[in-house]
Amino acid sequence: MAEAASQHLSLPSRLLELCALLGAPRDSLRGLEQVAQKKGVKHLSALDPEVLSIFVPPFISKGDSQMAGANCGTLGKTRRRSFRKKRERPRPEQWKGLSGPSRVPEPEDVTVPGGVDLLALPQLCFPGGVCVATEPKEDRVHFLVLTDVCGNRTYGVVAQYYRPLHDEYCFYNGTTHWEGCFVPYAVCVVSRFPYYNSLKDCLSCLLANLKLCKDFEVDSPIKDFAAKLSLIPSPPPGPLHLVFHMKPLQIVFPARADPESPILDLDLHLPLLCFRPEKVLQVLTCFLTEQRIVFFSSDWALLTLVAECFMAYLYPLQWQHPFVPILSDQMLDFVMAPTSFLMGCHLDHFEEVSKEADGLVLINIDHGSITYSKSTNDNVDIPDVPLLAAQMFIQRVQSLQLHHELHAAHLLSSTDLNEAQAHRRAWQQKLNCQIQQTTLQLLVSIFRDVKNHLNYEHRVFNSEEFLKTRAAGDHQFYKQVLDTYMFHSFLKARLNRRMDAFAQMDLDTQSEEDRINGMLVSPRRPTVEKIASRKSSHLQVTHRRMVVSMPNLQDIAMPELAPRNSSLRLTDTAGCTGSSAVLNVTPKSPYTFKIPEIHFPLASECVQRYYADFVTLLSKAMDFLAPDNSLLLARYFYLRGLIHLMQGQLLSALLDFQNLYKTDIRIFPADLVKRTVESMSAPERAQAERAPELMRLISEILDKPHEASKLDDHVKNFELPKEYMQLDDFMKRVQESGIVKDASTIQRLFEALTVGQQKQIDPETFKDFYNCWKETEAEAQEVSLPWLVMEHLDKNECVYKLSSSVRTNLGVGKIAMTQKRLFLLTEGRPGYVEISTFRNIEEVRSTSTAFLLRRIPALKIKVASKKEVFEANLKTECDLWHLMVKEMWAGKKLADDHKDPQYVQQALTHVLLMDAVVGTLQSPGAIYAASKLSYFDKMRKEVPMALPKTTVETLKHKINPSAGEMFPQAVDALLYTPGHLDPAEKVEDAHPKLWCALSDGKVTVFDASSWTIHQHSFKVGTAKVNCMVMADQNQVWVGSEDSVIYIINVHSMSCNKQLTDHCSSVTDLIVQDGQRVASEVYSCSMDGTVLAWNVSTLQVTSRFQLSSGGLTSIRLHGGCLWCCTGNSIMVMTTNGFLCQELKIEEHFKDISTSFLAFQLLPEQEQLWAACAGRSEVYIWSLKDLAQPPQRVPLKDCSEIICMIRVKKQVWVGSRGLWQGTPRGKIYVIDAERKTVEKELVAHTDTVRTLCSAEDRYMLSGSGREEGKIAIWKGE
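Worth saying up front: this structure is predicted, and the values here are computed from it rather than measured.

Draft legend 1. View of the overall build of the protein. When helices and strands are counted, the protein shows 35 helices and 56 strands. Here the contacts in the protein between residues at least 6 apart in sequence split such that 61% fall between residues at least 24 apart. Per element, the accessible surface of the protein, about 57100 Å² overall, is 50% carbon and sulfur.

This is the structure in structure tokens:
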């Protein structure tokens, strides 16, 4: 076998790896000549196949390739490209009628791609052997999957056809007829991409030509065919499909949906035609539990296609084990392998495999059945898919229209073959989309709750707790699935927060409750709404399970599954309980690009002309493209870059690839660009570095090669500790367990569990605490409230704590605590008696009441709206309830005073931890230990909780973008974007949004109509974000410390574009005030560079450089740009000419300071500025900047950080003192009177950023000690 090829002159993402002609060797055919002449011979013996010819790119002669690749450096090494097994020369008379003398080429060495085994290939192309026939047979096709030792797959499409043993033929009625013996041949095309349907169409066109050729003529058309395919690139991921004309068909090569998705060139409904939905679920379960699976069929083609369809159903889960969809007769021993595998055999071997092999799942495609190998029939136990997920899947599958004939019955017959194909292809695309949505919903239903048991920081999955949340009947399924390699890889992707199809579907279908829970820091409990829905569905589920176990109870009327459609035509989705919306999704029609014709003979000139035509067509398509269609533009840039590489135009190629940063960074071919840069000669490299666009690209590729370390992809299963723990280790263990993440809360828990002893926790104590917590959590999941009680509660309330049955002055019953109130769940006839909301509590006391000769501990609660004091004889529970109620009362008081509901959530966490600590210690000192967690109650006693009256009146609400994180994160930048209706958006996406930039490039998006999480954090680089601006209704631009401007698509919430023209930290972004839709954006960077951008084209329209660096902000006024550097504020024209300058040294000669921030007030013709180390705001007149400024002193201000103008006010964010304590302060200054109207104190850390919401509300973000956002009422 030929050695593996090194890199050669070829298309980097070409379709073809090799093309081969296979058949019986000439020597073995000689003995058949006499047999073929005998009359009455029906069956001829099978022959061993071999490779007759093989064709490997490139297909240009050495001299031509040296000319074509003269500028390609190491990208262009030539290899011999074809080989033919030496045969006898034909007799001259066989070539009569041919144009000119023909000559058989001498054998050549050929370099074969690494994943192709030439010894095994003949067996796979003739899996049933080479069977010679006495009459011609129908052409057939089947499909191969070839895997190398590294697990990389290549894909083969094999077309078999029959030729007569001799080339004599005669004509009857104008049709060619052969007589004698017929020998099968196969043409195999191997590609790195699974283009099953497309390559089948290509081979169909080839075979039509081969049948007209004599034996020794077939090499030429096969080589031409292979050469054509080798010049066709695989389309980049996205909406652009490539079209190529191969007479008589138009061949379409579809692109994968996104870089993470597989290429789908399949008819995904094939398994649904072969199996009932219930059987499809069984097969999927076999995949998910990684069984040893063997498919059987009498049709070799179906073996690969059906197996590939099932793997597509499971995306993004991926089969990790050997995949050999076709086993030839000589490979049957493969099924004896002891590990998991997926293989395929001819149906003739079913009985043999069933008897000889153990532990196999045998799937008969022809019969639609699933059985097990006989020796282990009693031992193989394939669990059922969870019931509710299975029911929904079956209903959705039954609603699909799987028959194209029914869809097209009303259409006229097409007289154009390509038109008919296009119509069929569009129907298939829509059906494939519906099937993908259906199977994806199945996976989301099964695995949605996995994320609730992940700890992302420590990469831990708590499988035991996850199993406890599953229905008892589903445990066997989940236990088997959770132990698989497939699920392990799935967990890695979740922990890496990969936004794949599963994550997107999970996000799109999450309930409002799940969105709200994303903001909660308290442990989750079932809400009243969930309890109600559980109660209503419980009876139905019970009945359905009874049908399975007690089939003879005919007298009980039980609800059944929706009946299957009796018609294949109707697509009734009414019974799909809300799933019809998914099935009605119509995929967007893909764009197509027609590849130019390839001219022969395939000399260098022809290839270069083909490349030139390709570039011309791409450039024309780009010229006619709308500027805002960046998605399609990126695909054109990608393809043109590839073709420029093949032309040897490396600079042009790099420029095209550089443009992917501005159009779609996801498809940027980093490895290819790196190889290209490394292959450049010194003069080429120097020329490239002189181009500003390429200098940064080359620097990133070579000077900082892969600085980012590889993602940590380990996954740990949660285990209880086995050694003593200090604080740091204890904190890690608690976070891994999923109990609580907040570091300060865990520190208080550590203090509680170590009261009166050495500051370390033994494994037994941790185990007791963990078990106590989880038991309480499990009990809460089983809480079932009567309908009468639920009517009095809000739908989002949860019962967090129930007392024992106690006597109270309101009756006998159990005291229940929610996040909002206390109420009595009366005994006897269940009833609801409200005790109090936490807001209305005036006093809580622990006392005792006399009973006979004993004193019984009791809890007394005084309520503002009631004269009678509530009293409950809680006995041994009294002290704990006293602590818990006081903590909740204090938390509610803080929440009301600070307009911050997070205090209630934190108080709930403290309360539940108190309960667990008391349950763990069970000692006289347990209550004292639990009191260490009474954090807010101590705050209420020690520190004045009330904020200043002005602050309370102005403050509307507070939100915590760091909820669920281990530590608070600084709010680096805020941006409010107004809501607008857009056809591309869902209704909830049209709400106004608040964009919050946190540490290390994280961006979290809130729905500003409800202040709930709209999109959990996604990354824009890894550096600090300095500024954000809404460039138009579809784009938010983010300026980063890493000198990149990231562009976020507001519809998809994805960041696929980057502007890299700045060379230092991007410090500000602005648009023209008053413009609803901006046409131009200005950006500046710390080195003094100012750029103007066209929003539609993302091109720089103008640029200039300030002589001094330190540029921190810019403003646009009067057609000029006002630029703030440390030493001055410079007024520049948009072309970069200095108009005037305000130098700080001219006004502050005695002190050393610098400008920190400034604002322009055009109506007042004033410039307001803040200076480093100064607690005053300085005001200059725009009419004469040389005049001394007015000063507005800010009382108790330590440092000014930011400023913003809102109508006739200027808001100043700072750090200052309040009651002697450092706090974040906001000063609201009247712009006309130049006096401080308000001092607002609501942050415990510095106010880092300010943002206006339509001038009606103001938003402020604080530093990392607090990390919260305050919403203020504007004037």
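Draft legend 2. Expanded view of the pattern of salt bridges. This model, assessed by the stated rule, comprises 45 salt bridges. In this structure, the salt-bridge partner of Glu736 is Lys716, at a minimum N-O distance of 3.0 Å. A residue pair is termed long-range when its members are at least 10 positions apart, and Glu736 in helix α27 (residues 727–737) and Lys716 in strand β21 (residues 716–717) qualify at 20 residues. A relative accessible area of 5% places Glu736 in the buried class. Judged by its relative accessible area of 30%, Lys716 falls in the partly exposed class. Put simply, Asp915 and Lys801 hold a salt bridge, and the shortest N to O gap is 3.1 Å. In this pair, Asp915 sits in helix α32 (residues 902–921) while Lys801 sits in strand β22 (residues 801–808), placing the two residues 114 residues apart along the sequence. In this structure, Asp915 and Lys801 share a single accessibility class: buried. Counted as one network, the salt bridges with shared partners bring together Arg14, Glu17 and Arg192.

Draft legend 3. Structural detail: the sheet that holds strand β11 (residues 240–246). Taken together, the three strands give an open sheet; going across it, the order is β12-β11-β20, and neighbouring strands pair in mixed fashion. Strands with a single pairing partner mark the edges of an open sheet, and in this sheet they are β12 (249–253) and β20 (591–594). Taken over all neighbouring pairs, the strand axes of this sheet differ in orientation by 35° on average, direction set aside. As paired strands, β11 and β20 are joined by four bridges and run parallel to one another. Within the sheet, the bridge partner assigned to Leu240 lies in β20 and is Tyr591.

Draft legend 4. Representation of the packing of helix α28 (residues 743–753) against α32 in the model. One can describe the packing of α28 onto α32 by two numbers: an axis separation of 11 Å at closest approach and a directional angle of 25°. With respect to α32, the axis of α28 lies roughly parallel. Once α28 is placed against α32, the crossing between them reads as right-handed. In this structure, α28 uses Thr745, Arg748, Leu749, Ala752 and Leu753 to contact α32, whose residues at the interface are Thr909, His910, Leu913, Val917 and Leu921. Looking at the contact of α28 with α32 residue by residue, the classes come out as six nonpolar, three polar and one charged.

Draft legend 5. Main features of the pairing of strand β31 (residues 993–997). The element β31 is largely enclosed, with a buried count of five among its five residues. By the alternation rule, side chains of β31 split into Lys993, Trp995 and Ala997 and Leu994 and Cys996, which are all buried. Relative to β31, strand β30 (residues 973–977) runs antiparallel, the two being bridged by five bridges. Bridging across to β31, Thr977 finds its partner in Lys993. In this sheet, strand β32 (residues 1002–1007) lies alongside β31 in antiparallel orientation, the contact comprising five bridges. Following the sheet pairing, Lys993 is matched in β32 by Asp1007.

Draft legend 6. How the structure looks around helix α7 (residues 277–288). Compared with the 16 Å implied by 1.5 Å per residue over twelve residues, the 16 Å span of α7 between its first and last C-alpha is a close match. When you tally the buried positions in α7, you get ten out of twelve residues, the bulk of the element. What α7 keeps buried is the set Pro277, Lys279, Val280, Leu281, Val283, Leu284, Thr285, Cys286, Phe287 and Leu288. Phi for Glu290, located one or two positions after α7, is positive at around 55°.

Draft legend 7. Structural view of the sheet that holds strand β37 (residues 1054–1059). Pairing is antiparallel in the open sheet, where four strands are placed in the order β34-β35-β36-β37. The open sheet has two edge strands, β34 (1025–1032) and β37, and neither has a second partner. On average, adjacent strands in this sheet sit at an angle of 25° to one another, irrespective of strand direction. Pairing of β34 with strand β35 (residues 1035–1040) involves six bridges; the strand directions are antiparallel. Among the inter-strand pairings, Met1028 is bridged to a residue of β35, identified as Val1038.

Draft legend 8. Looking closely at unusual backbone geometry. With an omega of 5°, the peptide bond between Lys247 and Pro248 qualifies as cis. One can find Pro248 in the loop between β11 and β12. Each neighbour pair has its own omega, and for Tyr315 with Pro316 the value is 15°, a cis peptide bond. Structurally, the position occupied by Pro316 is in the loop between α8 (300–313) and β14 (323–324). One non-glycine residue, Lys899, adopts positive backbone phi at about 55°.

Reading the values: rules and limits
- Residues numbered from 1 in each chain as written.
- Predicted model: local features only at pLDDT ≥ 70, side-chain atom pairs only at ≥ 80, totals over all residues.
- Heavy atoms only, no water.
- Helix = DSSP H or I, 4+ residues; strand = E, 2+ residues; numbered from the N terminus.
- Contact = heavy atoms within 4.5 Å.
- Areas by Shrake-Rupley, 256 points an atom, 1.4 Å probe, with all protein chains shown as cover.
- Salt bridge = Lys/Arg side-chain N within 4 Å of Asp/Glu carboxyl O.
- Buried < 20%, exposed > 50% of the residue type's maximum accessible area, 1.4 Å probe, protein only.
- Pairing = 2+ DSSP bridges.
- Axes fitted to C-alpha atoms, helices over the stretch in contact; angles between N-to-C directions.
- Parallel < 35°, antiparallel > 145°, perpendicular 65-115°, else oblique.
- Left-handed = near helix turned anticlockwise from the far one by under 90°.
- Nonpolar A, V, L, I, M, F, W, Y, C, P; charged D, E, K, R; others polar.
- Expected span 1.5 Å × (residues − 1).

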